Amino acid sequence: MKDFIFIIGTSGIGKTTLGKGLFTHYNGAYVEQSMVPEFGIPEKVDEGLFEEQVCWECCVAQTKEHLFHEGEYSR
């Protein structure tokens, strides 16, 4: 079973530095929200909530792909 660490916070407080340090220490997977490609935002939706939802779904998909690729779980 794999454990997950999610780091959230405002800009410029060291999330990337902490994440990279944890990645090195635990020899795990590392995915940044900024790795999510640009996307269009539909009209009449809350822009912030939509962006968070898309980024979350992308991070989950990347994590699942890493786990399946590494052979931790079977599809």
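Here the structure is shown first, and the text comes after it.
To keep things clear, this report deals only with the structure shown in the data block. All values reported here derive from a predicted model rather than from experimental measurement.

### What to know about a nonpolar patch on the surface
Link 1 in the chain: A cluster of nonpolar residues, Ile-5, Ile-7, Leu-18 and Tyr-26, forms a patch on the protein surface that exposes about 410 Å² of accessible area.
Link 2 in the chain: The topology assignment puts Ile-5 in the segment before α1 (15–26).
Link 3 in the chain: For Ile-5, a relative accessible area of 54% puts it in the exposed group.

### Observations concerning α1
Link 1 in the chain: Along its 12 residues, α1 runs 16 Å from first to last C-alpha, staying within 8% of the 16 Å computed at 1.5 Å per residue.
Link 2 in the chain: After α1 finishes, the residue Asn-27 shows a positive phi value of roughly 55 degrees.

Here is what the cut-offs are and how they apply
- Residues numbered from 1 in each chain as written.
- Predicted model: local features only at pLDDT ≥ 70, side-chain atom pairs only at ≥ 80, totals over all residues.
- Heavy atoms only, no water.
- Patch = residues over 30% accessible without salt bridge, like charges linked within 9 Å, V, L, I, M, F, W, Y side chains within 5 Å.
- Areas by Shrake-Rupley, 256 points an atom, 1.4 Å probe, with all protein chains shown as cover.
- Salt bridge = Lys/Arg side-chain N within 4 Å of Asp/Glu carboxyl O.
- Helix = DSSP H or I, 4+ residues; strand = E, 2+ residues; numbered from the N terminus.
- Buried < 20%, exposed > 50% of the residue type's maximum accessible area, 1.4 Å probe, protein only.
- Expected span 1.5 Å × (residues − 1).

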